[in-house]
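These are the residues of each chain, in order.
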Amino acid sequence: MYFCTFVVRFKNDSKMSPVKKVGFYTLGCKLNFSETSTIARAFEQGGFVRAVRGERADIYVINSCSVTEHADKKCRNIVRRLIKENPGAIVVVTGCYAQLKPQELAAIEGVDLVVGNNDKGTIFERVAALGAKRGATVHTCEAGELTGFFAAFSSGDRTRSFLKVQDGCDYRCSYCTIPLARGASRNLPVADLVREAEAIATKGQREIVLTGINVGDFGRTTGESFIDLLRALDAVEGIDRYRISSIEPNLLTDEVIAFTAGSDKFQPHFHVPLQSGCDRILALMRRRYNTARFAERIGAVRAQIPGVFFGIDVIVGFPGETDEDFEVTCRFLEEIRPAFLHVFPYSVRPNTPAAEMNGKVAPGVAAHRVQRLGELSSRLYRGFCAVQQGREAKVLWESTRRGGDMFGFTENYIKVRTPFDRERINTITRVRLGALDADGVAQATILCE
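Nothing here was measured: the structure is a model prediction, and the numbers come from that model.

A. Fine view of the overall build of the protein chain. Scanning the protein chain from N- to C-terminus turns up 13 helices and 18 strands. The globule rule puts the C-alpha radius of gyration for 449 residues at 22 Å, and the 22 Å found for the protein chain is close to it. The dimensions of the protein chain, computed from C-alpha atoms along their principal axes, are 65 × 60 × 45 Å. The long-range share in the protein chain, meaning contacts at least 24 apart out of those at least 6 apart in sequence, stands at 71%. Approximately 19300 Å² of the protein chain is accessible, and the part contributed by carbon and sulfur atoms is 50%.

Quick look at the structure:
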């Protein structure tokens, strides 16, 4: 979850209204983070000044997630806490939870605006027009009407920006509610996204992470392709690094692999959702590949990009997943050896086919499976980094300072630390990689340029 606070002045023709503080909470994915940052810039253009972190706000905007029941609950808890601590504050809830269950949020006493995904770009104007608390108003739409595109990129980080290149999904996996919350796959034209990347470059950020719901499906609404986008972005001056936040294995084509392998800017780092290492469960999930195809795609990347980092999503406890199915998944993960696992227990999502499936897995069993894969992930990551120890790498340094050290990431996404040097913030330097510490961070020795 991300939080930031701003001071805002609402302007009118007669006189300046009192200074007001506005806080933003972002739940869920990097796509939400990019959208929240863009909403914040709209407020900034209306007179924002950043406030000291921790101060109470007069207005709160919560950008919600609904990928799991836990995400819904977390949003409700944040909303209720903010209302309790700041009973006079205007509270706005937007995002996927707001899209799917607007009346559920509007029923919380103290919520003022519930804004669907299509209307995120109107939040500043709606808040400015509201002026004071008047009871909940809902501005949302049905999933079938989610046809607009809210262009967005983040600008709060000095080092990197999350650029939204695609929204929605046509895949209809049996467990997923995202097509209902985000609509069909759609995108801006390549030329528009190039201009967005150029705008990011003018702000001094050197790395862009391409975000979306299904980024590899880019081009559905413009007749272009994902590889067209990659080639165009590669030519943008001022951006040194790109990362693809997530790409479906069936869309990780030979053309995309070859281009990434030959590009100096696109980093050797792929986040690829697997969801299960058992073909029977993959079929129940309505995924568009089997384990043989997934392994073949991983091998195709490794053949052209040595040292590539793979992060992989896995869902455990899907309806019907037996102990043996889970062991099959574990064996498959041991075989393909990704660098990191993002593990989630299955969560029932209303209006999805999986919600009606038999064979529900007990929460305690799912929790044990999460723990097992968490331990495997730690072992896989340390093994991946051990192979890199002693090698040279290039690190983009961030501004965070902790314990006298600064931090950054290598091309292939190994987190490293070195003694803090303000002059190195947002610069790329050559390092030699050392061993991992207890926190899983590698010590880096700066090499002479």
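B. Molecular detail of the side chain of K120. Positionally, K120 belongs in the loop between β6 (113-115) and α5 (123-130). Look at K120 and you get buried, because its relative accessible area is 1%. Polar contacts involving the side chain of K120 include one to the side chain of N32, which spans 3.5 Å. Separated by 3.2 Å, the side chains of K120 and N117 make a polar contact. Ignoring sequence-local partners within four residues, the contact set of K120 consists of N32, E35, I39, N63, T94, G95, V115, F150 and R182.

C. Region of the structure containing the pattern of salt bridges. Counted under the stated rule, the structure contains 38 salt bridges. In this structure, D167 and R182 form a salt bridge, with 3.3 Å as the shortest nitrogen-oxygen distance. With D167 in the loop between β8 (160-164) and α6 (178-182) and R182 in helix α6, the pair connects residues that are 15 residues apart, well separated along the chain. Both residues of the pair, D167 and R182, belong to the buried class. R297 is the partner of E296 in a salt bridge, and the nearest nitrogen-oxygen pair spans 2.8 Å. Taken together, the shared-partner salt bridges in this structure form one network comprising E35, K120, K164, D167, R182 and R186.

D. Just the packing of aromatic side chains, in detail. Evaluated as defined, the whole model comprises 16 aromatic pairs. Taking the centre distance of 5.4 Å and the plane angle of 75° together, the rings of F33 and F162 count as edge-to-face. Placement of F33 in helix α1 (residues 30-45) and of F162 in strand β8 is noted, with a sequence separation of 129 residues between them. Pairwise contacts between aromatic rings join F309, F340, Y381, F384, F409 and Y413 into one cluster. In this structure, R288 is placed above the aromatic ring of Y171, and the distance from its NZ or CZ to the ring centre is 3.8 Å. Above the face of the F407 ring, K415 is positioned so that its terminal group lies 5.3 Å from the ring centre.

E. Looking closely at the nonpolar core. Among the nonpolar cores identified, the biggest contains 66 residues, and L210, F226, Y242, F270, F294 and L373 are the most heavily contacted of them. Of all the elements, helix α7 (residues 190-202) adds the most residues to this core, at six residues. Judged by nonpolar contacts, the second largest core, of 22 residues, contains Y60, A89, L105 and I108.

F. Quick peek at the packing of helix α12 (residues 323-336) against helix α13 (residues 363-388). Where α12 contacts α13, the axes come no closer than 11 Å and their chain directions differ by 10°. Classified by the angle between their axes, α12 and α13 sit roughly parallel to one another. Residues D323, F326, E327, C330, L333 and E334 of α12 form the contact with α13, whose own contacting residues are R369, R372, L373, L376 and R379. The residue makeup of the contact of α12 with α13, split by class, is five nonpolar, no polar and six charged.

G. Geometry of the sheet that holds strand β14 (residues 392-402). With respect to topology, five strands assemble into a closed barrel ordered β14-β15-β16-β18-β17, the strand pairing being mixed. The sheet shows a mean angle of 50° between the axes of neighbouring strands, direction not considered. Relative to strand β17 (residues 428-436), β14 is paired through five bridges, and the arrangement is antiparallel. Across the sheet, the residue bridging to K394 is R430, located in β17.

H. Expanded view of the pairing of β14. Strand direction decides the pairing type here: β14 and strand β15 (residues 405-410), joined by five bridges, are antiparallel. Residue pairing across strands places W397 opposite G408, the latter belonging to β15. Where β14 folds back onto β15 in an antiparallel hairpin, the turn is made up of two residues, including G403, whose phi is positive at roughly 60°.

I. Region of the structure containing α7. End to end, α7 covers 19 Å across 13 residues, agreeing with the expected 18 Å (1.5 Å per residue, within 8%). Among the residues of α7, V190, L193, V194, E196, A197, I200 and A201 are the ones counted as buried. Along the axis of α7, the buried residues cluster in a sector spanning 160°; they form a single face. Elements that come into contact with the buried residues of α7 comprise β8, β9 (207-211), α8 (226-234) and β10 (241-244). Positive phi shows up at G204, right after α7, with a value of about 90°.

Cut-offs used in this document
Residues numbered from 1 in each chain as written. Predicted model: local features only at pLDDT ≥ 70, side-chain atom pairs only at ≥ 80, totals over all residues. Heavy atoms only, no water. Helix = DSSP H or I, 4+ residues; strand = E, 2+ residues; numbered from the N terminus. Rg over C-alpha atoms; globule rule 2.2 N^0.38 Å. Contact = heavy atoms within 4.5 Å. Areas by Shrake-Rupley, 256 points an atom, 1.4 Å probe, with all protein chains shown as cover. Buried < 20%, exposed > 50% of the residue type's maximum accessible area, 1.4 Å probe, protein only. Polar contact = N/O pair within 3.5 Å; in protein donor to acceptor, adjacent residues only side chain to side chain. Salt bridge = Lys/Arg side-chain N within 4 Å of Asp/Glu carboxyl O. Phe/Tyr/Trp six-rings, centres within 6.5 Å; stacked < 30°, edge-to-face > 60°. Lys NZ or Arg CZ within 6 Å of the ring centre and 35° of its normal. Core = buried A, V, L, I, M, F, W, Y, C linked by side-chain atoms within 4.5 Å. Axes fitted to C-alpha atoms, helices over the stretch in contact; angles between N-to-C directions. Parallel < 35°, antiparallel > 145°, perpendicular 65-115°, else oblique. Nonpolar A, V, L, I, M, F, W, Y, C, P; charged D, E, K, R; others polar. Pairing = 2+ DSSP bridges. Expected span 1.5 Å × (residues − 1). Arc of directions from axis to C-beta.

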